[in-house]
Structures are given as C-alpha cells and as structure tokens.
Amino acid sequence: MSTLPKVATGITAFAVFATTVSFVISMAGSSMKSTVQVLFLPIADDFDVSRGTLAIGTTLFAVVTALASSAVGHLADRIGAVPVLAIGAGITGVVLVVCAVATDIRVFVPTYGILGAVGCTMLSFVPLGVLADQLFQGRNAGLLYAVLTNGAAVGFMVLVPLWTFLGAVTSWRQILLGIGVVFLVVMLPLSLLLVRYSNRNSTPPAPAEHGFWAGIRMAFADKRVRGLIVPFFACGTTMAFIDVHLFPHMHDHGVAPVTSSVAFVLLGGLEIAGSLVAGRLCDKGLIRSTLIGGYALRALAMAVAPFFAAEFTVLVFGALFGASYLVTVVATTMWIAKILPRGRKGTAIGVLWALHMVAVAVGSQLGAVLADAAHGYLPVILISVALTLGAVVLVALQPDPDAATA
C-alpha cells in the first residue's frame, strides 16, 4: 500500500514537468512567426528584395501549415505528442540558424516557408491537444490544454516587444541566430528529457488503427466531427480579421494609437483568462454550452466593430474578442477528444486546424477584395457576424458530447 502514494506522486510530478516544458516550448515556438512579422522590413532590405518577394515566404508558411496540420496530428497519434514536440523543437532550431546565415532569398524563403512551417506546426495546437488527452486521459484535460495553448499567447505578449527592442539594437540575423541556438542548446535537450520521462511515466499512445488518408476520410465521414469543423470555419475567418484587417479598419476610423494599444492589452489578457475558464468549464462537463458561449461572444465582438468611430467601442471589441479568442479552440478540441477513440483524435484535430487555416486564407483574401470594392470593412464584418451566429446554431444542434458518452 505504501507504493500507491509514491506512484501517484510520480505521475503528478511528471504531469507538472511535462506541462511546464511543453508550455515553454510552445511559447518559444511562437517566435518562428513573430520574429519574421516584427523584422519583416529589415529582412527584405537586407536581401534587397521587395515586400512582395519576401511575402512569398509568409504565404508559403501559411499554406504548408494548413497542409501539415493533419499529418502532424496523425503522427502524434502514431508516436505520441511528446516525441512530436521534440522533433519540432529540433527542426525549428535548425531552420532559425539556416535562415540567420542565409545569403540568398532563394534559401531563406523555402527554408522558412516549408521547413519552418512544419516545425512550427509540431509545436502548435494540434500536438498540444493530443498531449493534454494523453497526459490526463480526459480528467482535467481541458484546463491543461488551456494552459498549454496559452504558451503561444504569452509568447505573443512577451516576445514581440522583445524582438522589437532587439531589432533596434542589433541585426535580424543575430536575433534569429540567437533564438536558433537557444532551441538547439536548451529547448531540444529539454524536449528529449521529456521524451525520456514520458516513456517511463505515461501510458503509451494507442496505435493508430488506420493509415493517414484513411484517417482523414474517416474524420470527414464522421457526422459529429463535421458538425464541429463547419462552425470552426467562422473561427478562422474572424481570426483573419484580427490578423489582417483590424489595423486598417482602425486606421479608417481614426483610432488613436494609445486606444488600439490598450485594446490589444485587453485582448491578450482576456484571451488567457477566457481559455482557462473555458478549460475548467469543459472539465465540468459543459463543453457544448462553453462552445456556444464562445461563438456568441465572437459574434457580439464583430457586431461592435462597425462602431469604432466611438473609441470606447474599440476597447469593448478587444475585451469581447479576447474573451472568446481561445474558448472556441479549447472547447472544440475537448469535444473531439471526448467523442473519438485514442488513435484517431490527433488526425481529426489536424483536419480541424487544416480547415481553420483555409478559412484564415479565405478571410484574408476575400476580406481585402470586399474592402477594396466597398471602400471599407462593413461587408466583411457583417459576413463574420452571420458566420459566427450560424456557428452558434450549428453547435446548439449537436448532441451534447458528455451526454453521448455518459
């Protein structure tokens, strides 16, 4: 009997260690995108190329991320999420070093756009969703997943200002080289240590029962998964508004820089709080109501966006969107983890994120076209409101996952 407390303590200690290391790796992994976003102009100037030429790399990054998501999810099903994180850490370190020393844009673009996207996807929401389920096997997995996904959020809030400061005092090459060395010297050994302890303390992943393409076909064939993927399209299109169209929309309304800055602080802070609340609610068996609430908040946020002429509405928008930011991600992922057997969850989560990236691309390009035609973003905003309200209805029509598994 004396061995039972020791075993329980060992599992708890491993879970804490795994969560901490995965959070740090996830936070650091966000630097793959954030460095190039912040240092975009210095990189283009250094290579003596136009913005459009360098943007080929960022576009390729988005496309490859969409294509790689399902494969990464399937790999996490096959070998486990922890080894996937370790491989991603190694790839990311190598990519950053190669990009730092590249002297030709023809080396930088495919290295960043292809290999960098693969490495970043291996450190993203897809394997983290599988990891949360594998560590806790459904118990408190929602809260753990919320913690892990906040690695990228904290990275955005902490690392982006750091890259901005460093960009003023040193070259972009030194910054990328330094981050790459940190990945290879610190993150990779940490992840390999996590693999070692994972083999000792966690349950081995169930073998995937189907091949990659069969797994994708099964994900689309499953009515329950389709019922979650279709609403998630609204998540992707509204994220495109934040990533691409929000700053031009604020500029069109003459929003003061201090107001936009406060709005983003609100967005980031409530993103973290909202995800943790969502994770806890999902663990309490309220997955469907949490997801409905997340889409409803997103619809309300988008409905406020046309009224930015009154600057307090910008702050309201930031608060509402931030509160919903990761709620839809956490609740949708936990829903899939709840209804699918081990060996199929990662592939389905990967398919979900692949379609999400397609939605981001559609929202980005179509939004720009509509904004040019209408000389403003009102059509884009109205479409976003309609999509998110439609998502509320579609989710409400789904059978409750907890009732189905009870």
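Before reading further, recall that the structure is shown in the block above.
What you see is a predicted model; the values in this text were computed from it and never measured. (Residues numbered from 1 in each chain as written. Predicted model: local features only at pLDDT ≥ 70, side-chain atom pairs only at ≥ 80, totals over all residues. Heavy atoms only, no water.)

Judged by nonpolar contacts, the single largest core of 112 residues is most densely connected at F108, Y145, F317, F321 and W353. Per element, the largest residue contribution to this core is 12 residues, and it comes from helix 11 (residues 223-252). With sequence-adjacent residues up to four places away left out, F321 is seen in contact with T238, M239, I242, L267, R298, A301 and M302. (Core = buried A, V, L, I, M, F, W, Y, C linked by side-chain atoms within 4.5 Å. Buried < 20%, exposed > 50% of the residue type's maximum accessible area, 1.4 Å probe, protein only. Helix = DSSP H or I, 4+ residues; strand = E, 2+ residues; numbered from the N terminus. Contact = heavy atoms within 4.5 Å.)

With that settled, the discussion passes to the packing of helix 12 (residues 257-283) against helix 14 (residues 312-324). The geometry of a pair of packed helices is captured by two quantities: the angle between their axes and the separation between those axes. Remark: helix 12 packs on helix 14, axes separated minimally by 7 Å, with the N-to-C direction vectors making an angle of 20°. By the angle class used here, helix 12 and helix 14 are roughly parallel. Two packed elements cross with a definite hand, and for helix 12 against helix 14 that hand is right-handed. Along the contact surface, helix 12 presents T259, V262, A263, L266, L267, L270, E271 and G274, while helix 14 presents V314, L315, G318, A319, F321, G322 and A323. (Axes fitted to C-alpha atoms, helices over the stretch in contact; angles between N-to-C directions. Parallel < 35°, antiparallel > 145°, perpendicular 65-115°, else oblique. Left-handed = near helix turned anticlockwise from the far one by under 90°.)

Let us look at unusual backbone geometry. At D48, a position not held by glycine, the phi torsion is positive, near 60°. You will see that H375, though not glycine, has its phi angle at about 55°, which is positive. Looking at the element boundaries, H375 is found in the loop between helix 16 (345-374) and helix 17 (378-396). You can call H375 exposed: its relative accessible area is 74%.

The next subject is the packing of aromatic side chains. Within the structure shown, the criterion is met by 11 aromatic pairs. When the centroid spacing of 4.9 Å and the interplanar angle of 25° are considered together, the rings of F61 and Y112 count as stacked. Here the residue F61 occupies a position in helix 4 (residues 51-79), and Y112 occupies one in helix 6 (residues 105-121), the gap between them amounting to 51 residues. Since its relative accessible area comes to 6%, F61 is described here as buried. Aromatic pair F108 and W172: ring centres 5.9 Å apart, planes at 90°, arrangement edge-to-face. Pair noted here: F108 is in helix 6 and W172 is in helix 9 (residues 172-201), with a separation of 64 residues, a long-range link. Every member of this aromatic cluster is reached through a ring pair, and the members are F241, F308, F317, F321, Y325 and Y377. (Phe/Tyr/Trp six-rings, centres within 6.5 Å; stacked < 30°, edge-to-face > 60°.)

Moving on to the environment of L177. With respect to the element layout, L177 can be found in helix 9. The partly exposed category is assigned to L177, whose relative accessible area is 28%. L177 sits 76 residues away from V101 along the chain, and the two C-alpha atoms are 7.7 Å apart. For L177, the residues in contact, after removing those within four places along its chain, are V97 and A100.

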